[in-house]
Amino acid sequence: MTPAHIESFFATLKAANPQPETELEFTNVFELLAAVLLSAQATDVSVNKASRALFAAAPTPAKMLALEVEGVERHIKTIGLYRTKARHLIETCRILVEQHGGQVPAQREALEALPGVGRKTANVVLNVAFGEPTMAVDTHIFRVSNRTGLAPGKNPLEVEQKLLRRVPEAYRVDAHHWLILHGRYVCQARLPRCAACQVRAWCDFEPKSAAV
DNA sequence: ATCCCGAGGG
DNA sequence: CCCTCTGGAT
């Protein structure tokens, strides 16, 4: 995609959805962090289903810490990778309470030092909670960036750095959500809905099954 | 490179 | 049945 194509690509996504938001449910920054941690290799629908009861019982790191690993597991057993996530979540709560006064830190290094929090999760928290123009590259954004030619790359970091260079500044804070939502509902992994796609005019992808 | 790991869709 | 889902740690 040329810079002009990229401009049109995002202008179109913006027109269709002026104020995109996360579909993960949360009521404070800690819940956002926990929800994103739980969302690894899981759909937001399955995360929201489990997180409601979890967050009702434990809306703060201190309260979640009191649940212990077994208590958290009980709430999130319906989510994939639940044992690892429960363990990471409790350890993260312990660090938040002991080292950050029960608050979620706003620095990348401090976030990535939390168990279960890597670059992608840190990018989401920095973007959604603190308004930073980061580009969290998840499975959707990786696929959409490669397929469309927006920011091709072999690994998520390579795609992230290209996106930071190529996405016009005016779109950068919201680009994360536009790309995710586009990947989730239109540019799907299995059967991309190219016929219904609003940005196909600027897309490099050519679907094999002539679905237009 | 491999493991973790349930639910939903096709 | 197989694939996919807002990955991270070893």
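The structure presented is a predicted model; accordingly, all values stated were derived computationally and were not measured.

**Comments concerning the pattern of salt bridges**
Taken as a whole and assessed by the stated rule, the structure comprises seven salt bridges. Arg 52 serves as the salt-bridge partner of Glu 25, at 2.8 Å between the closest nitrogen and oxygen. Remark: Arg 52 occurs in helix α3 (residues 44-57) and Glu 25 occurs in the loop between α1 (3-16) and α2 (29-38); sequence separation between them is 27 residues. Residue classification places Glu 25 among the partly exposed residues on the basis of a relative accessible area of 30%. Taking relative accessible area as the criterion, Arg 52 reaches 54% and is therefore assigned exposed. Shared partners join several salt bridges into a network, and the residues in it are Glu 23, Asp 44 and Arg 184.

**A word on the nonpolar core**
Formed by 33 residues in total, the largest nonpolar core has its most connected members in Leu 54, Met 64, Val 72, Leu 89 and Leu 111. Where this core is concerned, the elements lending two or more residues are α2, α3, α4 (61-76), α5 (82-99) and α7 (119-128). Among the elements that take part in this core, α2 stands out by supplying eight residues, more than any other. By size, the runner-up hydrophobic cluster in this structure holds 22 residues, among which are Phe 10, Val 137, Ala 175 and Ile 180.

**Quick notes on the UniProt feature "domain: HhH-GPD" (unreviewed entry) in chain A**
The feature "domain: HhH-GPD" (unreviewed entry), as given by UniProt, occupies residues 38-185 in the numbering adopted here. Annotated as residues 38-185, this span is 67% helix and 0% strand, and its ends, taken at the C-alpha atoms, are 21 Å apart.

Criteria and cut-off values
- Residues numbered from 1 in each chain as written.
- Chains lettered and ligands numbered in written order.
- Predicted model: local features only at pLDDT ≥ 70, side-chain atom pairs only at ≥ 80, totals over all residues.
- Heavy atoms only, no water.
- Salt bridge = Lys/Arg side-chain N within 4 Å of Asp/Glu carboxyl O.
- Helix = DSSP H or I, 4+ residues; strand = E, 2+ residues; numbered from the N terminus.
- Buried < 20%, exposed > 50% of the residue type's maximum accessible area, 1.4 Å probe, protein only.
- Core = buried A, V, L, I, M, F, W, Y, C linked by side-chain atoms within 4.5 Å.
- UniProt positions renumbered as here; feature names shortened; annotations may be inferred.

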